Amino acid sequence: QVQLVESGGGLVQPGGSLRLSCAASGSIFVINTMGWYRQTPGKQRELVAAITNGGSANYADSVKGRFTISRDNSKNTVYLQMNSLKPEDTAVYYCNANLRTTMSSSRMDFWGKGSLVTVSS
């Protein structure tokens, strides 16, 4: 069993910053990609940023230059530093980990329960 536990969401004013964290635990052999997605009511979940276990990152165009994703492989933890936040960044942010639970298992996606980020004055 694998668990992803997110923390760091909350209310922030426009222009402010927040840092999200997500720690993976449980039966993990290797984590490939970790990432953050977000979703607002009535819309599909969208990729915000993702990072490989080698450190290569990619970002949605809407957050480039404002958000930074990083990970600590020794802690199975991924972070999302969000700066210059805008009201349109308001969403539930979900952590994702693509991993294998054993050496012979297929890659599987696991999700956190979500963390609400609200950007409002």
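Look up: the structure comes first, before these words.
Reading the values: the criteria
Residues numbered from 1 in each chain as written. Predicted model: local features only at pLDDT ≥ 70, side-chain atom pairs only at ≥ 80, totals over all residues. Heavy atoms only, no water. Pairing = 2+ DSSP bridges. Helix = DSSP H or I, 4+ residues; strand = E, 2+ residues; numbered from the N terminus. Core = buried A, V, L, I, M, F, W, Y, C linked by side-chain atoms within 4.5 Å. Buried < 20%, exposed > 50% of the residue type's maximum accessible area, 1.4 Å probe, protein only. Contact = heavy atoms within 4.5 Å. Axes fitted to C-alpha atoms, helices over the stretch in contact; angles between N-to-C directions. Phe/Tyr/Trp six-rings, centres within 6.5 Å; stacked < 30°, edge-to-face > 60°. Lys NZ or Arg CZ within 6 Å of the ring centre and 35° of its normal.

## A few points about the pairing of strand 5 (residues 46-51)
Item 1. As paired elements, strand 4 (residues 30-39) and strand 5 share five bridges and run antiparallel to each other. Bridge pairing links Tyr37 to Leu47 in strand 5.
Item 2. Bridge analysis of strand 5 against strand 6 (residues 57-59) gives three bridges, and the strand direction is antiparallel. Bridged to Ala49 within strand 6 is Tyr59.

## Side note on the nonpolar core
Item 1. Within the largest apolar cluster, 28 residues are counted, with the highest numbers of intra-cluster contacts made by Trp36, Val48, Phe67, Val78, Leu80, Met82 and Tyr93.
Item 2. Listed by contribution, the elements that provide at least two residues to this core are strand 1 (2-7), strand 3 (18-26), strand 4, strand 5, strand 7 (67-72), strand 8 (77-82), strand 9 (91-100) and strand 11 (115-119).
Item 3. Per-element accounting of this core gives the leading share, five residues, to strand 9.
Item 4. If sequence neighbours within four positions are ignored, Val48 has contacts with Trp36, Tyr37, Arg38, Asn58, Tyr59, Ala60, Val63, Phe67, Leu80 and Tyr93.

## Some points on the sheet that holds strand 1
Across a sheet, paired strands are connected by hydrogen bonds in the backbone, their directions being either parallel or antiparallel.
Item 1. What the four strands build is an open sheet, ordered 1-3-8-7; its pairing is antiparallel. The strands lining the two open edges of the sheet, one partner per strand, are strand 1 and strand 7. Taken pair by pair, the neighbouring strands of this sheet meet at an average axis angle of 15 degrees, ignoring direction.
Item 2. In this sheet, strand 3 lies alongside strand 1 in antiparallel orientation, the contact comprising six bridges.

## As for the packing of aromatic side chains
Item 1. Per the counting criterion, the structure on display carries one aromatic pair.
Item 2. On the basis of an interplanar angle of 65 degrees and a centroid distance of 5.0 Å, the ring pair of Tyr37 and Trp111 is categorised as edge-to-face. Taken together, the positions of Tyr37 in strand 4 and Trp111 in strand 10 (residues 108-111) put the pair 74 residues apart, joining distant regions of the chain.
Item 3. A residue is classified by how much of its surface remains accessible, and Tyr37, at 23% relative accessible area, is partly exposed.
Item 4. Seen from the ring of Tyr79, Arg19 lies directly overhead, with NZ or CZ sitting 4.1 Å from the centre.
Item 5. Taking NZ or CZ as reference, Arg45 lies 4.7 Å from the ring centre of Trp111, over its face.

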